[in-house]
Amino acid sequence: MPIETVERFLAALSPRRREQVRQRPREEQERLAAAWETELQVDTDLDTLSELSPAAAESEAASRVVRDRFE
C-alpha cells in the first residue's frame, strides 16, 4: 500500500485517534487505511458528503473505520 494512503488516512483522523493508530504496527495501519478507502468507495452517503466537502467525507469514513476497530 502506498505510504501516502496511510498518511492521508491518518490526516483524516482526530488527533486522539491518529495517535491510537500510529501506535499500531505498520501492517495494521495499512489494513485500516485500506478499509478506509473501501468505506469511501462503497458508502453512498459519503458520496453526497464528498461533493460538499471531500475532507469531511474522508474524516467521517476514517472515524467509522477506527471506531469499528477500537470500540
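The sections below set out a description of the structure shown in this document. None of the values given here were measured: they were computed from a predicted structure.

Remarks on the packing of aromatic side chains
What characterises a pair of aromatic rings is the spacing of the ring centres plus the angle enclosed by the ring planes.
Inference 1: For the coordinates displayed, the defined rule picks out 1 aromatic pair.
Inference 2: The ring of Phe70 has Arg69 lying over it, and the distance from NZ or CZ to the ring centre is 5.2 Å.

Comments concerning helix α2 (residues 15–22)
Inference 1: Listed as buried for α2 are Arg17, Arg18 and Val21. Taken down its axis, α2 places every buried residue within 105 degrees of arc, on the same side. More than 90 degrees from the buried face of α2, the exposed residues found are Pro15 and Arg16.

Things to note about the side chain of Arg18
Inference 1: You can see Arg18 is positioned in helix α2.
Inference 2: Apart from residues no more than four positions distant in its own chain, Arg18 is found in contact with Leu10, Ala11 and Leu13.

A look at the pattern of salt bridges
Inference 1: Enumeration over the complete set of coordinates arrives at 8 salt bridges.
Inference 2: One salt bridge in this structure joins Arg24 and Glu28, with 3.1 Å as the shortest N-O distance.
Inference 3: You can call Arg24 partly exposed: its relative accessible area is 31%.
Inference 4: Residue Glu28 is classed as buried on the basis of its relative accessible area, which comes to 8%.

Thresholds, definitions, all that
Residues numbered from 1 in each chain as written. Predicted model: local features only at pLDDT ≥ 70, side-chain atom pairs only at ≥ 80, totals over all residues. Heavy atoms only, no water. Phe/Tyr/Trp six-rings, centres within 6.5 Å; stacked < 30°, edge-to-face > 60°. Lys NZ or Arg CZ within 6 Å of the ring centre and 35° of its normal. Buried < 20%, exposed > 50% of the residue type's maximum accessible area, 1.4 Å probe, protein only. Helix = DSSP H or I, 4+ residues; strand = E, 2+ residues; numbered from the N terminus. Arc of directions from axis to C-beta. Contact = heavy atoms within 4.5 Å. Salt bridge = Lys/Arg side-chain N within 4 Å of Asp/Glu carboxyl O.

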